[in-house]
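Listed below, chain by chain, are the residues.
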Amino acid sequence: MGKRMKKLLAYYQNLTSKSLSPQEAETAKTRLLVQIQFFQHERLIHLIVTVLFALLTVITLLANLFLLQPLLLVLSLLLLVLLVPYIKHYYLLENGVQKLYEYYDVLETMHII
């Protein structure tokens, strides 16, 4: 998903730097809206998963403080290791979608003019 986002961002950066006719801008805007919807759904799912992993990590860390079980420490470390890529991926999705919004606004102004 990250590669797809980066590819799409590069495509729309290139596209919005060109001079487009109102019809081309409208077509690009319609296609971009579909992609934004896909990425919004992906972003929501990853937000839920990331928050779940963060909660599980905090719970296991607190349980480890009180119970002092070696297996809980291993579980806590495993969850921390998994949490980092989830946060990184969510960060990419969030910032990518925000950038796609900006490209949509540029296409919208091309359509109006």
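Every value quoted in this text rests on a predicted model; they were computed, and no experiment measured them.

**Q** Residue-level account of the packing of aromatic side chains, with values.
**A** Considering all chains together, one arrives at two aromatic pairs under this definition. Aromatic pair Tyr 11 and Tyr 12: ring centres 5.0 Å apart, planes at 85°, arrangement edge-to-face. Since its relative accessible area comes to 45%, Tyr 11 is described here as partly exposed. The exposure class assigned to Tyr 12 is buried, which follows from its relative accessible area of 3%.

**Q** Can you tell me about the side chain of Gln 35, naming the residues and giving the values?
**A** Here Gln 35 lies in helix 2 (residues 22-67). The contacts of Gln 35, once residues within four sequence positions are left out, are Arg 4 and Leu 8.

**Q** An account of the confidence of the model for the protein chain is requested, with residue identities and associated values reported.
**A** Atomic detail in the predicted coordinates should be set aside for any region of low pLDDT. Of all residues in the protein chain, 97% attain a pLDDT of 70 or more, and the chain-wide mean is 90. Ranking the elements of the protein chain by mean pLDDT puts helix 1 (residues 2-16) last with 89 and helix 2 first with 92.

**Q** Pulling in residues and values, what's your account of the nonpolar core?
**A** By size, the foremost hydrophobic cluster in this structure holds 17 residues, and its most contacted members are Met 5, Tyr 12, Leu 32, Phe 39, Leu 100 and Leu 107. If you list the elements that add at least two residues to this core, you get helix 1, helix 2 and helix 3 (70-112). In this view, Leu 107 contacts Tyr 12, Thr 16, Leu 20, Ala 25, Ala 28, Lys 29 and Leu 32; residues no more than four positions away in its chain are not counted.

Definitions and limits used
Positions within a chain are numbered from 1, following the residues in the order the chain's sequence is written. Local features in a predicted model are, by the rule used here, given only for residues with pLDDT of at least 70; side-chain atom pairs are given and counted only at 80 or more, and totals for whole chains, interfaces and linings are based on all residues. To obtain the side-chain values, all non-hydrogen atoms of the structure were included, while hydrogens and water were left out. Classification of ring pairs uses Phe, Tyr and Trp, with its six-membered ring standing for Trp, and accepts pairs whose centres are within 6.5 Å; under 30 degrees between planes counts as stacked, over 60 as edge-to-face, and the remaining range as tilted. Exposure classes here rest on a 1.4 Å probe applied to the protein chains alone. A residue is buried below 20% of its type maximum, exposed above 50%, and partly exposed in between. Numbered from the N terminus, helices here are DSSP runs of H or I no shorter than four residues, and strands are runs of E no shorter than two. What makes two residues a contact is simply this: any of their non-hydrogen atoms within 4.5 Å. For every residue, the predictor states its confidence as a pLDDT score lying anywhere from 0 to 100. Definition used in this section: a nonpolar core is a set of buried Ala, Val, Leu, Ile, Met, Phe, Trp, Tyr and Cys residues joined via side-chain atoms within 4.5 Å.

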